[in-house]
Protein chains: 2
Amino acid sequence: MRTVRLTLAYDGTDFVGWQRQENGLSIQQLVEEALEPIEQGPVAVVAAGRTDAGVHALGQVASFRLASAIALDALVRALNARLPADVRVLAAAEAPADFHARIAARAKTYRYRIWNAPVVSPFERRYVWHVPHPLDVDAMAAAARALEGRHDFAAFQATGSPVASTTRTLFSVSVQTDPSSTGPSPAGVNSRPTRPSSAGVNSRPTHPSSSRPLIEIDLRGDGFLRHMVRNIVGTLVEVGQGRRTPESLAATLASRDRARAGPTAPAAGLVLVGVEYP
Amino acid sequence: MRTVRLTLAYDGTDFVGWQRQENGLSIQQLVEEALEPIEQGPVAVVAAGRTDAGVHALGQVASFRLASAIALDALVRALNARLPADVRVLAAAEAPADFHARIAARAKTYRYRIWNAPVVSPFERRYVWHVPHPLDVDAMAAAARALEGRHDFAAFQATGSPVASTTRTLFSVSVQTDPSSTGPSPAGVNSRPTRPSSAGVNSRPTHPSSSRPLIEIDLRGDGFLRHMVRNIVGTLVEVGQGRRTPESLAATLASRDRARAGPTAPAAGLVLVGVEYP
């Protein structure tokens, strides 16, 4: 038996999350079902992060044991041929026999995206939380710094999620406005301006500029409790609205009381960016 | 009666195009139906470009006459409250009484996006043409230059589209690889790398880099024939595949023969970026 490691990207909008559920389609079920005809038998797949319903991934990592001798590039092609277009295998690699995508993970990075303007771009609507009224990004960034380091994050854990320890380390938390507005380089269907042309009429196109009303919150940590990122973001948005001070975050954290933290931000804005291994 | 000018963005995936059709839902129908309760009567809306089924817009411009005295900001809010999330009104402005969004347009800019890699990002799948094998972008750019200027574009017009003249001016045609890979500034759900962190473990996240395998073709012109952009792009892709030379484009153009040009590129990759007025 070999052990294989996959890197996956998915648009989580239409799924119940990574993990198999009775009530709908999961990424895990799709990947396991795509592997079954290759292996000619059942394959159990584990992932680094159990992304919730509606949460996306750019770099989820999954692992499984396989008897089949299929080449890695053929495996990627065969899986993508069977998976729906909103789930893609980006890469496959051989892994040490005892590799386990969740247990071996040393750090994960999540990104939360907030669209902070009255009107949401139709191209971003599945991948953002729409917060129409202006947020104080500097206050949010100051509040975020209080969360960096090793802490008991019980206040930001979904209620009814028993775990052995609620202590985790956040290596970094950053809050940024859309960096595409500060530089010349564009990306995404709605971010690049047309360059001024010397030919033809002189007026400029009446289209949106390259600056987008996007706030991105990146969190890199050694582990995350259930709903931890979304509960942190819901709390930071209350800071951005002036309903909490940046300084209050330390007391919220110390309280270990979920009722003291803010609401759970919607799943659509969350994406698992990547997973790190030793 | 006042004349109002709207700027609209839409994800065209689920529509039959701008113009009303018997066989499905159009953007025009949605906008007209959203205006009717405001006007308390029917409103006829015209747009600068009749985008085809599946074609997107970042900056479509539409105009109509209105008896209602509703304020412009209330109009934007009322329309967006009635329209589905894949169609958004970005702005509304008063226009001269005789303003007509199509007739008054002096230039339009279209962008065509090609995903040139074996695997398409799930987040881009609705907004690109997937061409898995590598394209020669320099050859495509050289070929594109032959199309700039005032020409008879009959070779690139959909067959069976009678128009008075097939002569149009392309002010500029550019072919570029994804500019997000050249600068520090990111945009889009899958383009920004996590910054290296000094805290925590040293290995880098196993996630896709900020460079995306995207080719963007921008065309700015005084008018476009039916399927003209998609037929040009289908021909340029054959140049990129080595099936035509860049030099052959001049003869294709001069032939005025649709059969000499390449296939029609899929609608999903096309977006109307903006419209210019005097």
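Bear in mind the structure is a predicted one, so any value in this text is a computation, not a measurement. (Residues numbered from 1 in each chain as written. Chains lettered and ligands numbered in written order. Predicted model: local features only at pLDDT ≥ 70, side-chain atom pairs only at ≥ 80, totals over all residues. Heavy atoms only, no water.)

Visitor: Before we move on, can you summarise the overall build of chain A with the specific residues and values?
Guide: A tally of regular secondary structure across chain A gives 5 helices and 10 strands. By residue count, 60% of the 278 residues in chain A fall in the buried class. Contacts spanning at least 24 positions in sequence make up 75% of the contacts within chain A whose residues lie at least 6 apart. When the accessible surface of chain A is totalled, it reaches about 11100 Å², and 51% of it is carbon and sulfur. (Helix = DSSP H or I, 4+ residues; strand = E, 2+ residues; numbered from the N terminus. Buried < 20%, exposed > 50% of the residue type's maximum accessible area, 1.4 Å probe, protein only. Contact = heavy atoms within 4.5 Å. Areas by Shrake-Rupley, 256 points an atom, 1.4 Å probe, with all protein chains shown as cover.)

Visitor: So what's going on with the pattern of salt bridges? Which residues, and what values?
Guide: Taken as a whole and judged by the stated rule, the model has 26 salt bridges over all chains. A:Asp86 is the partner of B:Arg125 in a salt bridge, and the nearest nitrogen-oxygen pair spans 3.9 Å. In this pair, B:Arg125 sits in the loop between strand E5 (107-115) and strand E6 (129-130) while A:Asp86 sits in the loop between helix H2 (72-82) and strand E4 (87-95), so the two residues belong to two different chains. A residue is classified by how much of its surface remains accessible, and A:Asp86, at 9% relative accessible area, is buried. Where salt bridges share partners, they join A:Arg113, A:Glu124, A:Arg212 and A:Glu216 into one cluster. (Salt bridge = Lys/Arg side-chain N within 4 Å of Asp/Glu carboxyl O.)

Visitor: Before we move on, can you summarise the packing of helix H1 (residues 27-39) of chain B against helix H2 (residues 72-82) of chain B with the specific residues and values?
Guide: All names here are of chain B. Contact geometry for H1 and H2: axes closest at 9 Å, N-to-C directions at 125 degrees. On the basis of their axis angle, the class for H1 and H2 is oblique. For the crossing formed where H1 meets H2, the hand is right-handed. Here H1 contributes Val31, Ala34, Leu35, Pro37 and Ile38 to the contact with H2, which in turn contributes Leu75, Ala78, Leu79 and Arg82. Across the contact of H1 with H2, the residue classes break down as 8 nonpolar, no polar and 1 charged. (Axes fitted to C-alpha atoms, helices over the stretch in contact; angles between N-to-C directions. Parallel < 35°, antiparallel > 145°, perpendicular 65-115°, else oblique. Left-handed = near helix turned anticlockwise from the far one by under 90°. Nonpolar A, V, L, I, M, F, W, Y, C, P; charged D, E, K, R; others polar.)

Visitor: Please give an account of the packing of aromatic side chains that cites residues and values.
Guide: All names here are of chain A. According to the stated counting rule, one finds 8 aromatic pairs over all chains in the structure shown. Taking 6.3 Å as the distance between ring centres and 90 degrees as the angle between the ring planes, the aromatic pair formed by Tyr112 and Trp129 counts as edge-to-face. In this pair, Tyr112 sits in strand E5 (residues 107-115) while Trp129 sits in strand E6 (residues 129-130), placing the two residues 17 residues apart along the sequence. For the pair Tyr112 and Trp129, a shared accessibility class is recorded, and that class is buried. (Phe/Tyr/Trp six-rings, centres within 6.5 Å; stacked < 30°, edge-to-face > 60°.)

Visitor: Go over the side chain of B:Ser121 with me, naming the residues and quoting the values.
Guide: Checked against the element boundaries, B:Ser121 lands in the loop between E5 and E6. Side-chain polar atoms of B:Ser121 contact the backbone nitrogen of B:Phe123, separated by 3.1 Å. (Polar contact = N/O pair within 3.5 Å; in protein donor to acceptor, adjacent residues only side chain to side chain.)

Visitor: So what's going on with the confidence of the model for chain A? Residues and values would help.
Guide: For chain A, the average pLDDT comes to 90, and 88% of its residues sit at 70 or higher. Interface scoring of the predicted complex returns ipTM 0.85; its pTM is 0.88. (pLDDT = per-residue confidence, 0-100.)

Visitor: Lay out the pairing of strand E1 (residues 2-10) of chain A in plain terms, naming residues and giving numbers.
Guide: Residue and element names in this part refer to chain A. Where burial is concerned, most of E1 is hidden: 8 out of the 9 residues are buried. In this structure, E1 lies alongside strand E3 (residues 56-66), joined through 8 bridges in antiparallel fashion. Looking at E3, one finds that Leu6 is bridged to Ala62. Of the strand pairs in this sheet, E1 and E4 are connected by 8 bridges, and their pairing is antiparallel. Its bridge partner lying in E4, Arg5 is registered against Ala93. (Pairing = 2+ DSSP bridges.)

Visitor: Would you mind going over the environment of B:Ala105 in detail, with residue names and values included?
Guide: Residues and elements named next belong to chain B. Tracing the chain through its elements places Ala105 in the loop between strand E4 (87-95) and E5. Placed 118 residues apart in sequence, Ala105 and Gly223 show a C-alpha to C-alpha distance of 8.6 Å. Filtering out sequence-adjacent residues up to four positions away, Ala105 remains in contact with Val275, Glu276 and Tyr277.

Visitor: Got a sec to walk through unusual backbone geometry? Specific residues and values, please.
Guide: In the Ramachandran plot, A:Arg256 falls in the positive-phi region, its phi being about 55 degrees despite a non-glycine side chain. Considering the arrangement of structural elements, one finds A:Arg256 in the loop between helix H5 (249-255) and strand E10 (270-276).

Visitor: Account for the packing of helix H3 (residues 137-145) of chain B against helix H4 (residues 228-240) of chain B, with residues named and values stated.
Guide: Relative placement of two packed helices is described by the angle separating their axes and the distance separating the axes. Residues and elements named next belong to chain B. One way to put it is that H3 packs onto H4 with a least axis distance of 8 Å and a crossing angle of 135 degrees. The angle between H3 and H4 places the two elements in the oblique class. As for the relative orientation of H3 and H4, their crossing is right-handed in sense. Contacts between H3 and H4 involve Ala139, Met140, Ala143 and Ala144 from the first element and Leu236, Val237, Val239 and Gly240 from the second.

Visitor: So what's going on with helix H3 (residues 137-145) of chain A? Residues and values would help.
Guide: Residues and elements named next belong to chain A. Restricting attention to buried positions, one finds in H3 the residues Val137, Ala139, Met140, Ala141, Ala143 and Ala144. If you follow the buried residues of H3, they end up packed against E5, strand E8 (167-177), strand E9 (214-221), helix H4 (228-240) and H5. Its side-chain oxygen 3.2 Å from the backbone nitrogen of Asp138, Asp136 forms the N-cap of H3.

Visitor: Which residues make up H2(A), and what are the values?
Guide: Residue and element names in this part refer to chain A. Listed as buried for H2 are Leu75, Val76, Leu79 and Asn80. Along the axis of H2, the buried positions cluster into a sector of 125 degrees, meaning they face one direction only. The outward face of H2, more than 90 degrees from its buried face, is lined by the exposed residues Arg77, Ala81 and Arg82. Buried residues in H2 make contact with E1, helix H1 (27-39), E3 and E4. (Arc of directions from axis to C-beta.)

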